[in-house]
Amino acid sequence: MNLSSRTIAVLIALVVAGVLTTCTYWVPRLPTHQAFLAGGITVAACFLLIYLSFEALIFREINGIYSRLEHIKRKEFKRLSNKFLFRPEPLRRIGDEIVEMAERRQQELDELKRLQALRREFLADVSHELKTPLFAAQGFVHTILDEEEDNAENGMEPAIRRKFLQRAAASLDALDALVQDLVTISQLEKGVIRMRRQRFDLVALVQELFELLEQQADRRGTTLELFPPHLAEREMPVIADRNRIRQVLINLIDNAIKYGREQQGHVVVALTPGRSGVRIAVRDNGAGIAPEHQARIFERFYRVDKSRSRSAGGSGLGLAISKHIVEAHKSTIHIKSVMSEGTTMEFKLPRPKANGRMSEGPNG
């Protein structure tokens, strides 16, 4: 039997009224000591009724609060959805507010734990990425120094010394690229880097990048295609920071070549003009990306296949930088991927206004 505090109060009032009315009706003339006795019995009866009723009500509500808090600890939030309707009883409102507050705190704790795990993962990835080229360069340089100390008269052959120095230089170049990418993504996140918007031909930029990446694609047995083909003879002007969009497209096309199908690979850059903008899509016919990885693919240093990514080179920051650059252009980069069929990355850029002019200005 689930009675509210209001119902219990009405019942108590009825009982008290009934007792007093009965006493008044049946015993109109009571001696003084009997009247005091009747009053005491009435007060005691009312006290016991009120005390026991509200004691039971309070304990029931408190037990309900503990039960819901236990559900929150178990993260069973769906079971609580039907218990947060508006209720007039103050005690129940307090209970609902406590449960809502506990739910929010639990979700905040879960989010903090997630961010802490991401921070640990990020620090581990940064230390690994910095350590690899640094140790390689250090090893080559120390090898040359040790060889010259052991063979002071003859020394190391000039060709071998030059080969070791070239490898050390390559490792230091990789380290420099990583540091530069870290600085770039930090500045993008803080809004320090401004986008220099200008009008340029998107078709010419894609053709330029195809020439730049042609040898890499040939080594993988991959063909590069601009779609639709008739765009090669036309212009498609957009308003954006050309150098930054060039960086985005290099990252996307480079990834499509690396992780697309080896031999008979096919990378397509599709340009679709619309009323206010151009949709750019970079597609490959590779193995695809599993759904559980798609939500994190734009995180810093996140890799679906870490060993393969490291062997293929790169800082692991390309997609994260691309995401920030696209968002700085008031757009969003999307991923569509189907296992065993391929992956598509796409975003939009604005077209020039009808008069062909658009004032240049920063866009953070």
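In the block above lies the structure referred to throughout.
Just so it is clear, the model here is predicted, and its values are computed rather than measured.

Colleague: Would you explain the overall build of the protein in this entry?
Modeller: What the protein contains, in helices and strands, is nine helices and seven strands. In the protein, buried positions account for 33% of the 364 residues. Element-wise, carbon and sulfur atoms account for 56% of the exposed surface of the protein, whose accessible area totals about 23,000 Å².

Colleague: Would you mind going over the pattern of salt bridges with me for this structure?
Modeller: Where charged atoms from two side chains of opposite charge come close, those side chains can pair. On inspection of all chains with the given rule, the structure shows nine salt bridges. Residue arginine 220 is joined to glutamate 262 by a salt bridge in which the shortest nitrogen-to-oxygen separation is 3.5 Å. Here arginine 220 is found in helix α5 (residues 202–220), whereas its partner glutamate 262 is found in the loop between α6 (242–259) and β4 (265–273), with 42 residues between them in sequence. Arginine 220 sits in the buried class, given a relative accessible area of 17%.

Colleague: What should I look at first to understand the packing of α6 against helix α9 (residues 318–328) in this one?
Modeller: Describing two packed helices takes the angle between their axes plus the distance from one axis to the other. Two elements in contact, α6 and α9, have axes separated by 9 Å at closest approach and are oriented at 140°. Viewed along their axes, α6 and α9 adopt a mutual orientation that is oblique. With respect to the hand of their crossing, α6 and α9 are arranged in left-handed fashion. Every residue of α9 that contacts α6 at Arg244, Gln247, Val248, Asn251, Leu252 and Asn255 is listed here: Gly318, Leu319, Ile321, Ser322, Ile325 and Val326. For the contact of α6 with α9, the residue count by class is six nonpolar, five polar and one charged.

Colleague: Could you clarify how one ought to interpret the nonpolar core in this entry?
Modeller: In summary, soluble globular proteins display a tendency toward joint burial of nonpolar side chains. Leu202, Leu249, Ile253, Leu271, Ile280 and Phe347 are the most contacted members of the largest nonpolar core, which totals 49 residues. Among the elements of the structure, α4 (158–190), α5, β3 (237–240), α6, β4, β5 (277–283), α9 and β7 (342–350) are those that each provide at least two residues to this core.

Colleague: Is there a simple way to think about unusual backbone geometry in this case?
Modeller: The phi torsion of most residues other than glycine is negative, and most of the peptide bonds are trans. Backbone torsion omega between phenylalanine 227 and proline 228 reads -5°, so that peptide bond is classified as cis. A positive phi is found at glutamine 263, a non-glycine position, where the angle reads about 65°. Here glutamine 263 is to be found in the loop between α6 and β4. Even without a glycine there, the phi angle at glutamine 264 is positive, about 60°. By relative accessible area, glutamine 264 is classed as exposed at 66%.

Colleague: When you look at α6 in this model, what are you seeing that I'm missing?
Modeller: Because an α-helix packs 3.6 residues into every turn, residues spaced three or four apart end up facing the same way. In a regular helix each residue adds 1.5 Å, so 18 residues correspond to 26 Å; α6 covers 25 Å between its end C-alpha atoms and thus fits that length. For α6, the N-terminal cap is aspartate 241; the gap from its side-chain oxygen to the backbone nitrogen of asparagine 243 is 3.2 Å.

Colleague: What exactly am I supposed to notice about the environment of valine 326 here?
Modeller: By secondary structure assignment, the location of valine 326 is in helix α9. C-alpha of valine 326 to C-alpha of leucine 349: the two residues are 23 residues apart in sequence and 8.5 Å apart in space. If sequence neighbours within four positions are ignored, valine 326 has contacts with Val248, Ser331, Thr332, Ile333 and Phe347.

Analysis parameters
Residues numbered from 1 in each chain as written. Predicted model: local features only at pLDDT ≥ 70, side-chain atom pairs only at ≥ 80, totals over all residues. Heavy atoms only, no water. Helix = DSSP H or I, 4+ residues; strand = E, 2+ residues; numbered from the N terminus. Buried < 20%, exposed > 50% of the residue type's maximum accessible area, 1.4 Å probe, protein only. Areas by Shrake-Rupley, 256 points an atom, 1.4 Å probe, with all protein chains shown as cover. Salt bridge = Lys/Arg side-chain N within 4 Å of Asp/Glu carboxyl O. Axes fitted to C-alpha atoms, helices over the stretch in contact; angles between N-to-C directions. Parallel < 35°, antiparallel > 145°, perpendicular 65-115°, else oblique. Left-handed = near helix turned anticlockwise from the far one by under 90°. Contact = heavy atoms within 4.5 Å. Nonpolar A, V, L, I, M, F, W, Y, C, P; charged D, E, K, R; others polar. Core = buried A, V, L, I, M, F, W, Y, C linked by side-chain atoms within 4.5 Å. Expected span 1.5 Å × (residues − 1). Polar contact = N/O pair within 3.5 Å; in protein donor to acceptor, adjacent residues only side chain to side chain.

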